[in-house]
Amino acid sequence: MSNALLDIDPIDLQFPFELKKQISCSLYLANKTDNYVAFKVKTTNPKKYCVRPNTGVVLPRSSSEVLVTMQAQKEAPADMQCKDKFLLQCVVASPGVTAKDVTPEMFSKEAGHRVEETKLRVVYVDPPQPPSPVHEGSEEGSSPRASVSDNGNNNASDFTAAPRFSVDRLEPQDNPAEARALITRLTEEKNSAVQLNNRLQQELEQLKRGSNRSQSGGGIPFMYVLLVGLIGLILGYIMKRT
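Residues numbered from 1 in each chain as written. Predicted model: local features only at pLDDT ≥ 70, side-chain atom pairs only at ≥ 80, totals over all residues. Heavy atoms only, no water.

With that settled, the discussion passes to the nonpolar core. The biggest cluster of nonpolar side chains holds 27 residues, and the ones touching the most others in it are Phe15, Leu29, Tyr49, Phe86 and Tyr124. Going through the elements one at a time, strand S1 (6–9), strand S2 (12–16), strand S3 (23–31), strand S4 (36–43), strand S5 (49–52), strand S7 (63–70), strand S8 (85–93) and strand S9 (116–125) are the ones with two or more residues in this core. If one sorts the elements of this core by residue count, S3 sits on top with 4 residues. By size, the runner-up hydrophobic cluster in this structure holds 8 residues, among which are Ala38, Val57, Val97 and Phe107. (Core = buried A, V, L, I, M, F, W, Y, C linked by side-chain atoms within 4.5 Å. Buried < 20%, exposed > 50% of the residue type's maximum accessible area, 1.4 Å probe, protein only. Helix = DSSP H or I, 4+ residues; strand = E, 2+ residues; numbered from the N terminus.)

Right, let's get into the sheet that holds S7. On the basis of which strands lie adjacent, the open sheet formed by 4 strands has the order S1-S3-S7-S5 and antiparallel pairing. What marks the edges here is a single partner per strand, and that holds for S1 and S5. With direction set aside, neighbouring strand axes in the sheet form an average angle of 20 degrees. (Pairing = 2+ DSSP bridges. Axes fitted to C-alpha atoms, helices over the stretch in contact; angles between N-to-C directions.)

Moving on, we come to a nonpolar patch on the surface. Where nonpolar side chains cluster on the molecular surface, the patch consists of Leu207, Met223 and Leu226 and spans about 270 Å² of accessible area. Topologically, Leu207 is positioned in helix H1 (residues 177–214). With relative accessibility at 41%, the residue Leu207 sits in the partly exposed group. (Patch = residues over 30% accessible without salt bridge, like charges linked within 9 Å, V, L, I, M, F, W, Y side chains within 5 Å. Areas by Shrake-Rupley, 256 points an atom, 1.4 Å probe, with all protein chains shown as cover. Salt bridge = Lys/Arg side-chain N within 4 Å of Asp/Glu carboxyl O.)

All quantities given are derived from atomic positions and should not be read as evidence of function.
What follows is the structure, given as C-alpha cells:
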C-alpha cells in the first residue's frame, strides 16, 4: 500500500503470537519522491508496543526500516483477534533535514501542513513450527486463523506516539535434526557390527563341533584362536563407537 509520498510494506503488521515472548515485525518505507519525507508512527496501545525509530526521515528515492515490537503478553486474546492499530503520518520536509530535526509541529494539520496518513492493522498469526526430522504428511497452504476487521474509522487523535526504547530480538532455536541423524547412523553401524559378531559366533560353533568330531584330543585348533581374536577386535570397535 502507498500514499502520495511513501510506499508502505506491509499494510498489516503480522505478529506470530506466542505467550510470554516479545515479537517483532518490520515495516518498510520507500520514498518515491525527490523530496525529503519526515514520518511519525502512532498507535492506539502505546504501552503494548515499541517502535524503533518512531520518527525519522526517508531520503529521496530511498527506503527505511521501522521495527515494531510487541511486548510479552500473559494472556491470549479471544479468537486470536486484535483491535490495535497504528497510524503512519508523513510530510514533505526541508532538504537536508535529519531525524533530530523532526518535531510534532511538522505533523500538525492546524498549522497548515499537508500530512499524509495511513492506518495499519495488527494481525495475529500462528507461530512457525520447528522442522521435524521425520518426514510425515503435513497440511500445506493453511491460512492464518486470525483476521481483524476494521470496526469503524479511527481519528488521528485516537493514536498515541509509539515508544521507541530498544528491545532485544529473540534468537531462533537450534535445529536438532543434525544431531538425531548422527545418532541414527551410529545406531545402524552398531547393529551391523552386532549382526556380524553373531554370524561369526555361529561359524565358530560349527568349527568347534567339526573339530571335536575329528580330534579326540590335542590342543586348541589354530582357526579357533584366530576367530576368537577377530571377535575381540570387533567388540572393541563397537565399544569405541558407542
